[in-house]
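# A structural walkthrough
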Amino acid sequence: QVQLVESGGGLVQAGGSLRLSCAASGLTFSNYDMGWFRQAPGKEREFAAAITWSGGSTYYADSVKGRFTISRDNAKNTVYLQMNSLKSEDTAVYYCAAGIRAVMRGPNAYRYWGQGTQVTVSS
């Protein structure tokens, strides 16, 4: 049974930082591209960042480029999202997702999804 479990969300002031983690189990983690998506209240889920299976390439939405960093540790079956200079518009539920050759192919390319972790940025 595949599980993706996010952690690290919480309440932070604007300008602050958070580091999200997503621990994967039940799959060969190093075979999967990983992505972070987010969904704000009343809005559709949107792409935030992605990383290829090897960690060799990373991709970011324009809205987070330069502030967020995605990374992975295949030995720990974990993907991370370091979020700096947070803004109120970053408030959302953040989801990690896993897919084979999934980067830049949209959310439907990701087969497995976590339950999400809430990030709230107060202004």
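Everything here concerns the structure above.
## Digging into the overall build of the chain
- Counting its secondary structure elements, the chain contains zero helices and 11 strands.
- Counting from the amino terminus, the chain carries its helices and strands in the arrangement β-β-β-β-β-β-β-β-β-β-β.
- What you see for the chain is a C-alpha radius of gyration of 13 Å, in line with the 14 Å of a compact globule of 123 residues.
- Buried residues in the chain amount to 45% of all 123 residues.
- Across the chain, the fraction of contacts at a sequence separation of at least 24, relative to all contacts at a separation of at least 6, is 57%.
- By element, 44% of the accessible surface of the chain is carried by carbon and sulfur atoms, the whole surface being about 6,300 Å².
- Taken together, the 12 basic and 8 acidic charged side chains of the chain have centroids lying 4 Å from each other.

## Re the pairing of strand β7 (residues 68-73)
- Because side chains alternate across β7, one face comprises the buried residues Phe-68, Ile-70 and Arg-72, and the other comprises Thr-69, Ser-71 and Asp-73, none of which is buried.
- A loop of four residues connects β7 with strand β8 (residues 78-83), the two strands running antiparallel in sequence, and Asn-77 in this loop sits at a positive phi of about 55°.

Parameters at a glance
Residues numbered from 1 in each chain as written. Predicted model: local features only at pLDDT ≥ 70, side-chain atom pairs only at ≥ 80, totals over all residues. Heavy atoms only, no water. Helix = DSSP H or I, 4+ residues; strand = E, 2+ residues; numbered from the N terminus. Rg over C-alpha atoms; globule rule 2.2 N^0.38 Å. Buried < 20%, exposed > 50% of the residue type's maximum accessible area, 1.4 Å probe, protein only. Contact = heavy atoms within 4.5 Å. Areas by Shrake-Rupley, 256 points an atom, 1.4 Å probe, with all protein chains shown as cover. Lys, Arg positive; Asp, Glu negative; His and termini not counted. Charge placed at Lys NZ, Arg CZ, Asp CG, Glu CD. Pairing = 2+ DSSP bridges.

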